[in-house]
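# Residue-level structural notes
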Amino acid sequence: MDLAIYPPTDFPTTCHRQRYERVRLSSAAGYLQRERVMKPRPGFTLLELLTVLVIIGLLATIATNRFWAVKERAYKAAMRSDLRTLATQQERYFESNYTYAATAAALTDFSASSGVTVTVTWNTNQGWAAISQHPSVPGEQCGYFTGPAPAAIATPAIAQGIIACE
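### Topic: the overall build of the protein
Scanning the protein for helices and strands turns up one helix and seven strands. Counting over 166 residues, the protein shows a buried share of 22%. Once local pairs closer than 6 in sequence are excluded, the contacts in the protein between residues at least 24 apart make up 34%. Just so you have it, the protein exposes about 11,700 Å², and 58% of that area is on carbon and sulfur atoms.

### As for the confidence of the model for the protein
For the protein, the mean per-residue pLDDT works out to 84, and 77% of the residues sit at or above 70. Long-range and interchain partners of residues 15–21, a stretch whose pLDDT sits below 50, account for 20 contacts in this model, where long-range means more than four residues apart.

### Observations regarding the sheet that holds strand E6 (residues 141–146)
With antiparallel pairing, four strands are arranged side by side in an open sheet as E4-E5-E6-E7. Lying at the two open borders of the sheet, with one neighbouring strand each, are strand E4 (117–123) and strand E7 (164–165). In this sheet, E6 lies alongside strand E5 (residues 128–133) in antiparallel orientation, the contact comprising six bridges. Within E6, the position partnered with Ala129 by the bridge is Phe145. Each of E4, E5, E6 and E7 touches helix H1 (residues 46–97); the most contacted strand, E5, lies at about 155° to it.

Conventions adopted
- Residues numbered from 1 in each chain as written.
- Predicted model: local features only at pLDDT ≥ 70, side-chain atom pairs only at ≥ 80, totals over all residues.
- Heavy atoms only, no water.
- Helix = DSSP H or I, 4+ residues; strand = E, 2+ residues; numbered from the N terminus.
- Buried < 20%, exposed > 50% of the residue type's maximum accessible area, 1.4 Å probe, protein only.
- Contact = heavy atoms within 4.5 Å.
- Areas by Shrake-Rupley, 256 points an atom, 1.4 Å probe, with all protein chains shown as cover.
- pLDDT = per-residue confidence, 0-100.
- Pairing = 2+ DSSP bridges.
- Axes fitted to C-alpha atoms, helices over the stretch in contact; angles between N-to-C directions.

Structure, rendered in structure tokens:
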């Protein structure tokens, strides 16, 4: 037979974590045995919260890696685009001067994208070579050459008239 002793109802319970005592009468032993019973509490356990945090951390890591990969592709696209624009401007310059410009600054209609550095590495009246670099993609560059350029002057370009990037 169970007898339950609950707090009096004349005062409000202020804490949802309040413990209640239940008194159980043991007929065999003839004495009262007390046991503590926790009232069920709303909310999440620590294990559930930690699991959610770990999952959020993994998703954030994946998203960050993809974000940086997309940014790197955008920087390389800007480097390629600047070399294409330089090639067009070099041909326009050649039509007027019968030689190619020695620097990108000599081309009045050429301006590199933000952060991209374009360097003319070789030029004659028969051809030219250039590389482009971006500080956010260290150690990588794009190259382009036309004409009888010396070997490895516009690395990684290996074929005339084709832009190549590392």
